[in-house]
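Here are the chains, one letter per residue:
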Amino acid sequence: MPQDMVPLARITPERRITTIPPLPKRVLTSRQKAAVIVRYLLTEGTSLPLSSLPEHMQAALAEQMGQMRLVDRTTLDDVVSEFLAELESVGLAFPGGIEGALAMMDGHISQSAAQRLRRMSSTSSKIDPWERITALPLDRLMPILLNEAVEVGAVMLSKLPVAKAAEILGKLPGERARRVAYAVSMTGNVDPETVRRIGAALLAELDNQPPKAFDQGPVERVGAILNISATLTRDDVLQGLEAEDAAFAAEVRKAIFTFVHIPARLNPRDAPKITRLVDQPQLVTALAAAMGKPGLEDAAEFILANISQRLAQGLREEMGARGRVKDKDAEDAMNAIIGAIRTLETSGEITLIQEEED
């Protein structure tokens, strides 16, 4: 053996370590780094909402994780450090996807522009149409189950969350509900691409519906107008509506909320909230005008009985000193109270009792 060669057995562990050349630094792509972060977080027991990602991104991530094997600790530390640095440098976060952008810009762009953007997004193969369809309210989904083929309705019912599917199925006519439910049993062999195409077709049909010019229906709009109209005008209009369309007139009557409806539809605990929105002189005028008049007096006593007794006593004293109230002043004051109640209802601060609940 040459003298300059040292037997392997005589090499100390320290010498063996120092003689191993360092591994070259591994360079990862962005997709590989994402796979490393996801794998690391899952190892740590973190729950990741990966299902909220578009399907093509979920598939690409799973494919990348399937291609990778081992990552050395130095590379892992570098990837995690870079990920944390990017998180700390974030200044703004956007919602991602056209739906998130439209939700953020709601009220700032026209309905026609929003409809056009939705139609453009629904034609993209990378967008899962069912994400938007399942988020729609029941009144938008009901026509699909009523008018489309039962097989299409069965696919949609299968894609909806269970609670929502049960609710919408309960609103269908009995025969139609049975046919759609039976058709669900025939969807076992439908491939995912067919389901996606059905969703895309339904979404395109929903997006092609013309935008509504009014946020509320005709019943709500007429009812809101008549709420603050003079009593004679309201009665005259309702009589005319009953002569033209009795069913429509009946719905409008249900939507009307006037001073006399306060005891039946206002929750007693919500009465004090009215005093915060209505000026005390108007409150005194309305209550004073209501005294001695059938129906109106019950509403006035209801308000006085459900506010603080100290305030009620003060109001009664001012009502006694108020004297006779002109009809026009009485109408304006009572409409101010009704307007305050409607404002509280619109903001969600109170909920009016519906007649069916009585």
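Source: prediction; values computed, not measured. (Residues numbered from 1 in each chain as written. Predicted model: local features only at pLDDT ≥ 70, side-chain atom pairs only at ≥ 80, totals over all residues. Heavy atoms only, no water.)

## So, the overall build of the protein
Counting secondary structure elements, the protein contains 21 helices and 0 strands. Across the protein, the fraction of contacts at a sequence separation of at least 24, relative to all contacts at a separation of at least 6, is 74%. (Helix = DSSP H or I, 4+ residues; strand = E, 2+ residues; numbered from the N terminus. Contact = heavy atoms within 4.5 Å.)

## Quick look at helix α21 (residues 327-346)
The end-to-end C-alpha separation of α21 is 28 Å, in line with the 28 Å expected for 20 residues at 1.5 Å each. Among the residues of α21, A330, A333, M334, N335, I337, I338, A340, I341 and L344 are the ones counted as buried. In the core, the buried residues of α21 are packed alongside α13 (218-227), α16 (262-265), α17 (271-277), α18 (280-290) and α19 (296-305). Taken from the residues just after α21, G348 is the one with a positive phi, measuring 85°. (Expected span 1.5 Å × (residues − 1). Buried < 20%, exposed > 50% of the residue type's maximum accessible area, 1.4 Å probe, protein only.)

## So, helix α4 (residues 73-88)
Here α4 is 16 residues long and its end C-alpha atoms lie 22 Å apart, about the 22 Å a rise of 1.5 Å per residue gives. Buried residues of α4: T75, L76, V79 and V80, and no others. Here the buried residues of α4 occupy an arc of 130° about the axis, which is enough to place them on one side. Opposite its buried face, α4 presents the exposed residues R73, T74 and E88, each directed more than 90 degrees away. Where α4 is buried, its residues touch α2 (30-43). Where α4 begins, the capping side chain belongs to D72, and its oxygen is found 3.2 Å from the backbone nitrogen of T74. (Arc of directions from axis to C-beta. Polar contact = N/O pair within 3.5 Å; in protein donor to acceptor, adjacent residues only side chain to side chain.)

## A word on the side chain of T75
Along the polypeptide, T75 turns up in helix α4. Given a relative accessible area of 5%, T75 falls into the buried group. In this structure, T75 is in contact with R26 and L28, ignoring residues within four places of it in sequence.

## A look at the pattern of salt bridges
Inspection of every chain in the model, using the stated rule, returns 10 salt bridges. A salt bridge links K33 to E82; the nearest nitrogen and oxygen atoms lie 3.0 Å apart. A residue pair is termed long-range when its members are at least 10 positions apart, and K33 in helix α2 and E82 in helix α4 qualify at 49 residues. By relative accessible area, which is 24% here, K33 ends up partly exposed. Here E349 and R276 are joined by a salt bridge, their closest N and O atoms 2.9 Å apart. (Salt bridge = Lys/Arg side-chain N within 4 Å of Asp/Glu carboxyl O.)

## Focus: the environment of A250
Relative to the helices and strands, A250 is located in helix α15 (residues 246-255). Spatially, the C-alpha atoms of A250 and V219 are 9.6 Å apart, while their sequence positions differ by 31 residues.

## Remarks on the environment of V278
Mapping V278 onto the fold places it in the loop between α17 and α18. Taking the C-alpha atoms as reference, V278 lies 9.7 Å from I341; in sequence the two are 63 residues apart. Ignoring anything within four residues of it in the chain, the contact list for V278 reads L283, A336, I337 and A340.

## Details of the packing of helix α14 (residues 231-244) against α15
Packing of α14 against α15 leaves a shortest axis separation of 6 Å and a crossing angle of 145°. Each of L238, L241, E242 and E244 in α14 lies in contact with α15, whose residues at this interface are A246, F248, A249, V252 and R253. Looking at the contact of α14 with α15 residue by residue, the class counts come to 6 nonpolar, no polar and 3 charged. (Axes fitted to C-alpha atoms, helices over the stretch in contact; angles between N-to-C directions. Nonpolar A, V, L, I, M, F, W, Y, C, P; charged D, E, K, R; others polar.)

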